[in-house]
Amino acid sequence: MQKKEDKINALASNNIRVLVFDLEQVLDTPALSTNVSFYKRLLSTFNLTIRDCSENEGTECYMWHEAIGGRGSNEIASCLYQKILNLLNNVTHIITYSDTCGGQNRNINMAALLSLVTANSSTLHIIDQKFLLPGHTHLECDVDHTKIERAKKFSDIPIMIPRDWYQFVRTVKGKKPFKVIEMKQEQFFSFSNLVSTSLTKKTVDTDGNKVNWFHIRWIRYEKVYGFSGYFFGLVDLLGLHKESNIALWMLFVSLRAATSMSCAFLMAFLELFYYLRYL
């Protein structure tokens, strides 16, 4: 009900945006139907889907592959950072909805991102980060993911490299085509470093109680109070150091090192290519 009310309020105001986001299940590359590929280590392609429920511009898919980034909280925060940077200057209030996955959404790295954005923006006053209750985590993004997976099931378009996935998602039919943003490695930042340098992590609330991330359902970021968790009342979890300029560190400075499993994938790919081509 609360999400429905937020969406109605956002549609009635040009200053409020409601963003729902979720990471799709891993897209295997190459995408092959043969049983030979079942036990092989395939290359992973990722898609963080962000739906802006306060306007009718459709869905944005932030896509990348495992050679330039993983699927942890820093990568998710970096995609959301790119989205917020591209919002219009008249936006003063952002409300986000996601599931409660601690490794991706409900964690200190995401808190560092939203705290920093709120503090640095000249127009943004409030960010509300809301989490759906376990068992009630259906998001609009889930519908988008279903469209992609269903379209691939009935498509003969070959998917051999990550860019094929990017192009395929652009062709998925809906009310509006999906907009694909191909994430570059230099767009992934380490918000973990902010927590250990420019920000101070607090482990207790204003009443001296230990902060339990598993119990947080709603976090508000304001210029007045900084980082506040409403589950506990007013909780100052992150203190911003008095610095005029805070630089973001790149998460990776080069392509991620190939693991033995990745090397095994390359060999498996050659075997599969030979199998499909000549047998």
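One can find the structure itself at the top, above this paragraph.
Our focus in this paragraph is the packing of aromatic side chains. Within the structure shown, the criterion is met by 5 aromatic pairs. Ring geometry for W64 versus F188: centroids 5.4 Å apart, planes at 65°, classification edge-to-face. Separated by 124 residues along the polypeptide, W64 in strand β4 (residues 59-65) and F188 in the loop between β7 (179-182) and α6 (191-196) bring together distant segments of the chain. In terms of burial, W64 and F188 fall into one category: buried. Centroid distance W165 to F168: 6.0 Å. Interplanar angle 85°. Geometry classified as edge-to-face. Residue W165 and its partner F168 are both found in helix α5 (residues 162-171); the two are separated by 3 residues, about one turn of the helix. You'll find W165 and F168 in the same group, each marked buried. We note R106 situated over the ring of F131; from NZ or CZ to the ring centre the distance is 5.8 Å. Of note, K130 hangs over the ring of W218, and the distance from its end group to the ring centre comes to 4.3 Å.

Right, let's talk about the nonpolar core for a bit. One finds L48, W64, L80 and L113 to be the most contacted residues of the largest nonpolar core, which totals 42 residues. The leading source of residues in this core is helix α3 (residues 108-120), at 8 residues. With residues near it in sequence (within four places) discarded, W64 still touches L23, T45, F46, L48, G69, G70, E75, I76, C79, Y166, M183 and F188.

One pass over the structure, following the stated rule, counts 9 salt bridges. Among the salt bridges present, the one from D6 reaches K130, with a minimum N-O distance of 2.8 Å. With D6 in helix α1 (residues 2-11) and K130 in strand β6 (residues 126-131), this pair connects stretches of sequence that are 124 residues apart. Per residue, the accessibility class of D6 equals that of K130, and both read buried. Linking E140 and K7 is a salt bridge whose minimum nitrogen-to-oxygen distance equals 2.7 Å. Pair noted here: E140 is in helix α4 (residues 140-153) and K7 is in helix α1, with a separation of 133 residues, a long-range link.

What follows is about the packing of helix α2 (residues 73-85) against α3. The interhelical angle for the contact between α2 and α3, taken along N-to-C directions, is 20°, at an axis separation of 9 Å. When the axes of α2 and α3 are compared, the pair comes out roughly parallel. Remark: the crossing between α2 and α3 carries right-handed chirality. Between α2, through S73, N74, I76, A77, L80, Y81 and I84, and α3, the contact on the second element is made entirely by N109, M110, L113, L114 and V117. The class makeup of the residues in the contact of α2 with α3 is 9 nonpolar, 3 polar and no charged.

The next thing to look at is α3. The terminal C-alpha atoms of α3 lie 18 Å apart, and with 13 residues this matches the ideal 18 Å at 1.5 Å per residue to within 8%. With 11 of 13 residues buried, α3 lies mostly within the body of the structure. With a side-chain oxygen positioned 3.1 Å from the backbone nitrogen of N109, the residue opening α3 is N107.

Conventions we followed
- Residues numbered from 1 in each chain as written.
- Predicted model: local features only at pLDDT ≥ 70, side-chain atom pairs only at ≥ 80, totals over all residues.
- Heavy atoms only, no water.
- Phe/Tyr/Trp six-rings, centres within 6.5 Å; stacked < 30°, edge-to-face > 60°.
- Helix = DSSP H or I, 4+ residues; strand = E, 2+ residues; numbered from the N terminus.
- Buried < 20%, exposed > 50% of the residue type's maximum accessible area, 1.4 Å probe, protein only.
- Lys NZ or Arg CZ within 6 Å of the ring centre and 35° of its normal.
- Core = buried A, V, L, I, M, F, W, Y, C linked by side-chain atoms within 4.5 Å.
- Contact = heavy atoms within 4.5 Å.
- Salt bridge = Lys/Arg side-chain N within 4 Å of Asp/Glu carboxyl O.
- Axes fitted to C-alpha atoms, helices over the stretch in contact; angles between N-to-C directions.
- Parallel < 35°, antiparallel > 145°, perpendicular 65-115°, else oblique.
- Left-handed = near helix turned anticlockwise from the far one by under 90°.
- Nonpolar A, V, L, I, M, F, W, Y, C, P; charged D, E, K, R; others polar.
- Expected span 1.5 Å × (residues − 1).
- Polar contact = N/O pair within 3.5 Å; in protein donor to acceptor, adjacent residues only side chain to side chain.

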